[in-house]
Amino acid sequence: MGIKPISMRLEIKEGVRNNQLIDDSYNNDLDGLKLALPLYRRYEEKKKVLIISDFIETGIAEEELYRQITQLIENQKIEKIIGIGAQIERNKHHFKQIHTYSTAESLIESGDLTGLHDSVILLKGARKFAFEKIVNALETKTHCTQLEINLDALQHNLSYYRSVIGTNTKIMGMVKAQAYGAGAVEIAKILQTQGIEYLTVAYTDEGVHLRNNGIYSPIMVMNPQVEEFDKMVSYALEPEIYNFSLLAAIDEYSTNQNKNIKIHIKLDTGMKRLGFEMSDIPKLMDELNQMPQLWVVSILSHLAASENPKHKEFTLYQINQFKEAAQAISDRLGYKPLWHIANSAAIQNYPEAHLDMVRLGISMYGISGNSVEKNALENVLTLKTFISQIKNVAKGETVGYGRIGQFEEDGKIATLAIGYADGYSRALGNGQGVFEIHGQLCPTIGSICMDMCMVDVSKIKGIKEGDEAIVFGGKIQLGQLAKSAQTIPYEMMTSISSRVKRIYIRE
Ligand SMILES: *Cc1c(COP(=O)(O)O)cnc(C)c1O
């Protein structure tokens, strides 16, 4: 663990003038070019443009190198090639047609880029050629507050948990509450593609939404309503049954419909939320025995404090209570339903709780209180906004509502396009929260407004309106920010409002 490779990320971006950008601007070697060229095929209807820099440290003599490069791109029907750097300029004669420039800046100044439209533009440049400037000149500025969800990181985290639990334990992906704000359909899709065995939502309508969007994995519903049984059954959603009245209702429904129905039995081993109490078990077994048309797919319980070693004894007690009760019920049923009790924290902290299935929620996003686990996981979520305006503030002037933000000396503020209506808590005002701008941490000043907030950027040089401000996911961890807001990552994630655009990234 520990050292991670530098992100070699390839980004597909919308460009200006109906261009599509394939931004692979972190490396330029032959293999990278070979891998990137097939991406052109996704955009058959567009003109192909290639922007490349000198190839550095290839270990191949220039003549041979450029013979190979031109061979690679020969059959690609590329309409325009732009080269950046002295080496490529020297080797111009290898190409049928190429425009060369010594630097990214000179290309931008030339105006050559403004002639590009309706094209798919592949950018491959060695780091020192600063292709981000070219990308910047070509990409559509989104200028909105956005939550980036890195699907590769999510996939990595899922694989990590697969390795921790081994092949005999299944995973149930908790995608309730819009998959903790990350977007239920997209997250469910990637989990489904990764072969997740079960998904769980809180309410029937969340399950219906998934079914209407291509999710065919089994789905458990934690809060089934009796009036919705029809809907549940027609969308193949499976109710969690947590008390005798629900059990009687589902029994009656299945008898009336003359249908076998899959159910999940929830036991309360100490959480004191939903579930049959331990003292209910004998009666529960008797009743289930009379309801052969109900098929108990799983038996579950929920841990109250698996993240906290202080409550280890209680957690072990819950696990044991659960195993005993689940054993008794299974014996009586005459078949073995899936047993599950572990949430994210318990996967790492209580291997004895893995059982037949674990319920993975927050940690699929790379969030964990366990340091070993945290190092093994990758960050999935990055929330970004931008600077709407920059202002100088003189000594003694105040900032924002209630005149709470005070400047002791002359300074500078940036107004950012995020406020409490986006999910940026008012508790983060007056320096409690920080934003990352140009790699530096800038504290909030004054109160957080509904759609905006102000940060102190007195010490930050070279920033301008439109620049990005990272809320969390870069230097600022979601966990830290949640702490500053006196809450937990779960609440912070699920509070990100629906007007914040969700962007899904693949590296
Ligand atoms: C939300 C939820 C989970 C997932 O919890 P995490 O801490 O996010 O892993 C597991 N089980 C139940 C019953 C839940 O409601």
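Before any of the text, the structure's been laid out above.
Summary of the structure given here.

Looking now at the overall build of the chain. Assigned secondary structure in the chain consists of 17 helices and 24 strands. Dimensions of the chain, computed from C-alpha atoms along their principal axes, come out at roughly 85 × 65 × 40 Å. Here the chain holds 507 residues, and the buried ones make up 52% of them. Restricting the contact set of the chain to residue pairs at least 6 apart, pairs at least 24 apart contribute 66%.

With that settled, the discussion passes to the packing of helix α6 (residues 151-165) against helix α8 (residues 184-193). Two elements in contact, α6 and α8, have axes separated by 11 Å at closest approach and are oriented at 45°. With respect to their mutual orientation, α6 and α8 come out oblique. Handedness of the crossing formed by α6 with α8: right-handed. Contact residues: Leu151, Leu154, Gln155 and Leu158 in α6; Ile187, Ile190 and Leu191 in α8.

By the secondary structure assignment, Gly32 is in helix α1 (residues 30-36). The buried category is assigned to Gly32, whose relative accessible area is 10%. A sequence separation of 92 residues divides Gly32 from Lys124, and the C-alpha atoms of the two residues are 8.4 Å apart. Contact partners of Gly32, with chain neighbours within four places excluded, come to Asp24, Asn27 and Lys124.

Attention now goes to the packing of aromatic side chains. When we look at a pair of aromatic rings, we describe it by the centre distance and by the angle of the planes. On inspection of all chains with the given rule, the structure shows nine aromatic pairs. Seen in terms of ring centroids, Tyr180 and Tyr490 are 6.0 Å apart; in terms of plane orientation they differ by 40°. Their pairing is tilted. Here the residue Tyr180 occupies a position in helix α7 (residues 176-180), and Tyr490 occupies one in helix α17 (residues 489-494), the gap between them amounting to 310 residues. Tyr490 sits in the partly exposed class, given a relative accessible area of 38%. Aromatic side chains Phe314 and Tyr317 sit 6.3 Å apart centroid to centroid with 35° between the ring planes, which places their arrangement in the tilted category. Of the two residues, Phe314 and Tyr317 both sit in helix α13 (residues 312-333), three residues apart, roughly one turn of that helix.

Cut-off values and rules
Residue numbering note: each chain is counted from 1, following its sequence as written. Restriction of local features to residues with pLDDT of at least 70 applies here, the model being predicted, together with a cutoff of 80 or more for giving and counting side-chain atom pairs; totals for whole chains, interfaces and linings are based on all residues. Based on all heavy atoms of the structure, the side-chain values leave hydrogens and waters out of the count. Put simply, DSSP marks the helices as runs of H or I at least four residues long and the strands as runs of E at least two long, and each gets a number from the N terminus on. Only protein chains enter the accessibility calculation, which uses a 1.4 Å probe; a residue whose area is less than 20% of its type maximum is buried, one above 50% is exposed, and one in between is partly exposed. Any two residues whose heavy atoms approach within 4.5 Å are treated as being in contact. To obtain an axis, a line is fitted to C-alpha atoms, over the contacting stretch when the element is a helix, and the angle between two such axes runs from 0 to 180 degrees between their N-to-C directions. Oblique is the label for any angle not under 35 degrees, not over 145, and not in the 65 to 115 range, which are roughly parallel, roughly antiparallel and roughly perpendicular in turn. For any helix crossing, the convention is left-handed if the near helix is rotated counterclockwise from the far helix by under a right angle, and right-handed if that rotation is clockwise. In summary, the pairing rule links any two rings of Phe, Tyr or Trp, Trp by its six-membered ring, whose centres are within 6.5 Å, and it sorts them by plane angle into stacked for under 30 degrees, edge-to-face for over 60 and tilted for everything else.

Interpretation in functional terms is not warranted from these geometric data alone.
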